[in-house]
Amino acid sequence: VLNRIKGLSGGRLRISVATTANYFIPTLLGTFSRRYPEVTVSLDVTNREALLQQLSENTVDLVIMGQPPSGLDVEAEVFMENPLVVVAPPEHPLARQKKIPLKRLQEEVFLVREPGSGTRVAMERFFAEREIHLKTGMEVGSNEAIKQSVQAGLGLGLLSRATIEQELELKRLTVLDVAEFPIMRHWYLVHRRGKRLSAVVEVFKEFMLKETRALLLKQTQNPLPPDQKIKKGG
Ligand code: PGA
């Protein structure tokens, strides 16, 4: 691998990642950049709709996203689980309840991401399939803003677990124990099928799959109970 990348000074890597993946990708990119300092990385962080656009216009080397698109001819490799969870302020009355029935959520107000968000699509599909009708409050354009709004008591949120590590640690947010949750999505490395990948992109792809394999292994050795394994959301 090293041989292949030698002489690639000026090598460039353009990747775009889902807003939910932004919470762990920079760490991996840090390791990658220390290993291959000659590679210039450009990182775009955006929602699902924009990622689909970039794939369809072929303006990006590699995309890291939830559910790969069905309408585009792409190669997609899964590399990690992406559970979506219901998030509340720690003092919320439901915070200490176990196995909250889905129907109970109908009494709460939910903050939702903007149209174009993959998280929002997955959320809507999940509840529609179960004929649960949520009261939706504010529409909020980022994971960060959802977190702030949930903390401020404006409603509950549905977020990728990866986005709330710090808030859980600092006890600013809590994950509700809701029946059938989490909604289990996955992250994929995606590029157009047949795209000629540069050596840099090949190296990065190998790097990502290898670095995340350990995490994936850990997840499969320690899987979630079957009743929490829900269909992959879109
Ligand atoms: P998003 O995240 O909700 O910002 O579009 C993308 C995804 O997880 O698919």
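Rules of the game
Residues numbered from 1 in each chain as written. Predicted model: local features only at pLDDT ≥ 70, side-chain atom pairs only at ≥ 80, totals over all residues. Near = placed C-beta within 6 Å. Nonpolar A, V, L, I, M, F, W, Y, C, P; charged D, E, K, R; others polar. Pairing = 2+ DSSP bridges. Helix = DSSP H or I, 4+ residues; strand = E, 2+ residues; numbered from the N terminus. Buried ≥ 20, exposed ≤ 12 C-beta atoms within 10 Å, placed from the backbone.

- As annotated in an unreviewed UniProt entry, the protein carries the name LysR family transcriptional regulator and comes from Sulfuricaulis limicola.

Examining the site of the ligand
Here comes step 1: In the vicinity of the ligand, the residues found are Ala 18, Thr 19, Thr 20, Asn 47, Arg 48, Met 65, Gly 66, Arg 113, Ser 117, Gly 118 and Thr 119.
Here comes step 2: Along the lines of polarity and charge, the residues of the shell around the ligand split into 2 nonpolar, 7 polar and 2 charged.

A closer look at the pairing of strand E3 (residues 62–65)
Consecutive side chains of a regular strand alternate in pointing toward one face of the sheet and then the other.
Here comes step 1: Relative to E3, strand E1 (residues 12–18) runs parallel, the two sharing 3 bridges. Each residue of the ladder has a partner; that of Val 17, found in E3, is Ile 64.
Here comes step 2: Across 3 bridges, the pairing between E3 and strand E9 (residues 183–192) is antiparallel. Each residue of the ladder has a partner; that of Met 65, found in E9, is Tyr 188.

A closer look at unusual backbone geometry
Here comes step 1: The residue after Phe 181, namely Pro 182, is reached through a cis peptide bond having omega 5 degrees.
Here comes step 2: When you line up the elements, Pro 182 lands in the loop between strand E8 (174–175) and E9.
Here comes step 3: Look at Asn 58: it is not a glycine, yet its phi comes out positive at around 60 degrees.
Here comes step 4: Mapping Asn 58 onto the fold places it in the loop between helix H3 (48–57) and E3.
Here comes step 5: The exposure class of Asn 58 is exposed, given the 10 C-beta atoms found within 10 Å.

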